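Residue strings, one per chain:
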Amino acid sequence: MNETEKFPTEALNSKSSSRRKFFSASAGIAGAAFAGRVHGQTLGDVPPRGLGDPLSGSSKRSAHVQLSRIPEAGPGRRNVDPSAAINSKTPLDKLVGTITPADLHYERSHSGIPNIDPAKHQLLIHGMTRNARVLTMDDIRAMPSVSRILFIECTGNGWENWKKADANLTVQNTHGLISTNEWTGVSLASLLDLAGVDRKSTWMLAEGSDGAGVARSIPLTDEVINEAFIAYGQNGEPLRPAHGFPLRVIVPGLEGNLHIKWLRRLKFGDQPFMTRWETARYTQVLPDGKARQFQLRQEVNSVITTPSGTMQIAPGYQRVTGLAWSGNGRITRVEVSTDGAKSWKDARLNMPVLPKAQARFETEWVWDGKPTKIVSRATDEKGQVQPDRESFIARMGTNALFHYNAQQTWSIDAGGRVSNALA
Amino acid sequence: MRSHNKLLMAAVAAGAVAFSAGAHDFGRAPTAAEIKLWDIDVRPDGAGLPEGRGSVTQGKVVFANNCAACHGANGQGGLNDRLFGGQGTLASASPVKTVGSYWPYATTLFDYVRRAMPHHAPGSLGHDETYAVVAYILNLNELVPDNATLDKASLPKVLMPNRDGFIPEPEFQNIKNSR
């Protein structure tokens with residue numbers, strides 16, 4: 001019998017009586033599970049109060065908290081020297097809620113992080129325009145602003161598991177190329193109006209001031225025109241240099257590489273510009289050798305962050321939690337299986353659940369101590385359901401390298417060790 | 001500031017998120033010379049290619065001096081990508097994606113070298129040197145002959161083997177800018 005059936009967990013608005021029943025029924029087990037983690041044995045063991053450190057200009061993390069990203073050079077090439085790294089992954093297993101601290105937002109750059117003086121930075125808007133413009137940062141900050149909480153996800157997120165599953169990976173390794181921040185800036189629509197962009201223009205080239213001059217063609221669909229913006233703010237402060245200071249593109253729901261950092265040029269044209277990144281790099285090779293191009297949308301996805309790879313659990317009560325997201329809009333449902341995808345039950349979605357942002361899901365589970373596998377499966381407001389690995393690989397093959405959104409399985413052995421598995 | 005305030009009030013009155021009236025109050029017009037300094041992209045039809053020319057022979061020298069340290073003495077790869085070969089591997093278990101086996105447009109190679117290479121000193125090659133090293137890499141892939149010289153007229157005509165190897169996403173095939 002499935003242990004979880006004894007302790008059903010309803011959605012957020014469930015009757016309080018069933019919630020009470022759950023917690024009372026599992027209290028004995030849960031108490032045992034937590035006892036081992038408490039170090040002070042009595043209240044008398046808690047260190048006495050006293051005068052603390054002086055106030056300061058900015059708050060540091062507690063000395064008892066260690067949070068950092070993992071610089072990586074490619075699939076399987078982790079914890080490399082920072083000079084060899086091409087990205088740096090967010091510690092999803094150690095974060096709570098949905099907002100990523102700005103200094104831990106995942107990082108991907110192609111030619112290092114430029115040191116830009118905002119007083120000297122300028123944005124050129126030209127091409128199929130009636131009124132080409134040069135804007136300073138002061139000009140941009142003077143314009144009406146927009147803010148929105150959004151995920152940005154590298155197209156390479158998940159690439160560790162295309163061909164095989166290294167058992168020792170954490171969720172930071174498997175899914176750490178996504179983060180959610182509040183971004184603030186100026187709407188693309190207002191820039192189109194400002195520059196008098198020709199209605200025959202269908203693609204916009206965005207180009208960075210980094211050494212590589214990373215440039216991507218962005219389609220001027222209604223969705224992009226209505227939702228894209230250029231951002232100078234991140235979680236209430238100016239962008240961090242690693243994330244594009246002083247200015248970057250935000251294209252909600254579409255692949256991270258389009259969110260050009262250190263933005264210095266927008267050029268309007270009537271066809272894609274076919275840069276290296278949209279031809280040779282971020283295209284997905286299919287089993288027949290053809291490649292999908294301009295597969296720009298980040299598909300519906302989810303992952304359990306606790307318990308997850310390399311963690312250790314004890315029999316009994318488990319809080320199972322994770323993150324779900326979709327470039328299509330809101331997450332409407334996340335299901336969790338604790339028996340290797342044989343049966344599923346709905347997890348709760350914690351508020352707020354925002355379109356094109358990460359959503360936090362949670363459920364409770366009582367582990368019986370037998371080896372099993374846990375999996376999550378998200379559904380978005382367009383009805384897209386996160387695929388299982390088998391059907392995903394049948395469609396995309398194992399050479400695509402980018403846009404991996406198959407369900408993530410964590411295997412749990414009899415000793416409670418959690419490890420990365422393909423299915 | 002006054003014109004900005006007026007503009008904002010107009011936008012609020014209209015209930016509009018974006019705005020149009022008086023939008024020219026922001027920024028300034030660039031000169032043609034300024035735009036030319038920054039307008040470095042090159043399209044598959046050759047739009048954006050500058051004057052200049054370079055040969056395979058010249059490119060071999062440019063490559064040895066600027067590229068070989070990362071891409072190998074003959075472009076076979078090293079610290080960074082291999083630049084030739086791999087034809088026929090895209091449908092195999094281990095595709096080898098190079099300029100010759102994967103890149104759909106020769107113009108993209110010019111665009112990329114000009115904007116991003118060499119990695120430690122992007123923008124340091126002149127137009128002639130860029131044409132030359134592009135010719136050399138295309139020659140490594142047997143796509144232009146040993147005696148080839150490339151310029152803005154001839155480069156877009158180099159047909160790449162994987163030109164038709166890409167399936168554009170249907171969602172972005174027919175775009176109407178409705179703004």
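Look up: the structure comes first, before these words.
Thresholds, definitions, all that
- Residues numbered from 1 in each chain as written.
- Chains lettered and ligands numbered in written order.
- Predicted model: local features only at pLDDT ≥ 70, side-chain atom pairs only at ≥ 80, totals over all residues.
- Heavy atoms only, no water.
- Helix = DSSP H or I, 4+ residues; strand = E, 2+ residues; numbered from the N terminus.
- Rg over C-alpha atoms; globule rule 2.2 N^0.38 Å.
- Buried < 20%, exposed > 50% of the residue type's maximum accessible area, 1.4 Å probe, protein only.
- Areas by Shrake-Rupley, 256 points an atom, 1.4 Å probe, with all protein chains shown as cover.
- Lys, Arg positive; Asp, Glu negative; His and termini not counted.
- Charge placed at Lys NZ, Arg CZ, Asp CG, Glu CD.
- Contact = heavy atoms within 4.5 Å.
- Buried area = accessible area lost by both parts, 1.4 Å probe.
- Salt bridge = Lys/Arg side-chain N within 4 Å of Asp/Glu carboxyl O.
- Polar contact = N/O pair within 3.5 Å; in protein donor to acceptor, adjacent residues only side chain to side chain.
- Nonpolar A, V, L, I, M, F, W, Y, C, P; charged D, E, K, R; others polar.
- Pairing = 2+ DSSP bridges.
- Axes fitted to C-alpha atoms, helices over the stretch in contact; angles between N-to-C directions.
- Parallel < 35°, antiparallel > 145°, perpendicular 65-115°, else oblique.

K.L.:
What is the right way to look at the overall build of chain A in this model?
P.N.:
Along the backbone of chain A there are seven helices and 25 strands. Taking 22 Å as the expected radius of gyration for a compact globule of 423 residues, we find that chain A reaches 23 Å, a close match to that expectation. The burial tally for chain A puts 58% of its 423 residues in the buried class. Here chain A has roughly 17,200 Å² of accessible surface; of this, 52% comes from carbon and sulfur atoms. Of the side chains in chain A, 51 bear a positive and 41 a negative charge, and the two mean positions are spaced by 1 Å.

K.L.:
Looking at this model, I keep getting lost on the interface of chain A and chain B. Mind explaining?
P.N.:
How large an interface is tends to be reported as the accessible area lost when its parts come together. The interface is formed by 68 residues belonging to chain A together with 52 residues belonging to chain B. When the buried area of chain A at its contact with chain B is split by residue, Asp193, Arg199 and Arg276 of chain A rank highest and sum to 10% of it. Measuring nitrogen to oxygen at the nearest pair gives 3.0 Å for the salt bridge that ties Arg265 of chain A to Asp39 of chain B. Linking chain A to chain B there are 26 residue pairs in polar contact (both at pLDDT 80 or more). Each residue belonging to the side of chain A that touches chain B can be placed in one class, and the counts come to 29 nonpolar, 21 polar and 18 charged. Pairing geometry for strand E16 (residues 291-293) of chain A and strand E3 (residues 166-168) of chain B, over three bridges, is parallel. Considered in E3 of chain B, the bridge of Gln293 of chain A is made with Pro168 of chain B.

K.L.:
Would you explain the pattern of salt bridges in this entry?
P.N.:
In this structure the tally under the stated criterion is 39 salt bridges over all chains. Linking Arg216 of chain A and Glu278 of chain A is a salt bridge whose minimum nitrogen-to-oxygen distance equals 3.1 Å. Placement of the pair is Arg216 of chain A in strand E10 (residues 215-219) and Glu278 of chain A in helix H6 (residues 276-281), with a sequence separation of 62 residues. A residue is classified by how much of its surface remains accessible, and Arg216 of chain A, at 1% relative accessible area, is buried. Between Arg240 of chain A and Glu237 of chain A there is a salt bridge; the shortest N-O distance is 3.0 Å. By relative accessible area, Arg240 of chain A is classed as partly exposed at 31%. Shared partners join several salt bridges into a network, and the residues in it are Glu207, Arg264, Arg265 and Lys267 of chain A together with Asp39, Asp41, Asp111 and Arg115 of chain B.

K.L.:
Is there a simple way to think about helix H4 (residues 188-195) of chain A in this case?
P.N.:
Because an α-helix packs 3.6 residues into every turn, residues spaced three or four apart end up facing the same way. All names here are of chain A. Judged by how many residues are buried, H4 sits mostly within the fold: seven of eight residues are covered. Turning to H4, its buried residues are Leu188, Ala189, Ser190, Leu191, Leu192, Leu194 and Ala195. Directly beyond the C-terminal end of H4, a positive phi value near 60° is found at Gly196.

K.L.:
Would you explain the packing of helix H3 (residues 56-66) of chain B against helix H6 (residues 127-140) of chain B in this entry?
P.N.:
Two quantities define a packed helix pair, namely the angle between the helix axes and the distance between the axes. Residue and element names in this part refer to chain B. Where H3 meets H6, the closest approach of the two axes is 7 Å, and the angle between their N-to-C directions is 100°. One way to sum up the angle between H3 and H6 is to call them roughly perpendicular. Contacts from Val56, Gln58, Gly59, Lys60, Val62 and Phe63 in H3 reach Glu129, Ala132, Val133, Ala135, Tyr136, Ile137 and Asn139 in H6. The class makeup of the residues in the contact of H3 with H6 is eight nonpolar, three polar and two charged.

K.L.:
How should the sheet that holds strand E4 (residues 107-108) of chain A be read in this particular structure?
P.N.:
What holds strands together in a sheet is hydrogen bonding between their backbones, with the strands either parallel or antiparallel. Residue and element names in this part refer to chain A. Spatially, E2-E1-E3-E4 is the arrangement adopted by the four strands of the open sheet, whose pairing is antiparallel. Two strands in the sheet have a free side with no partner beyond their single neighbour: strand E2 (77-78) and E4. Note: strand E1 (residues 70-74) against E2, two bridges, orientation antiparallel. When the sheet's bridge partners are listed, Gly74 is paired in E2 with Arg77.

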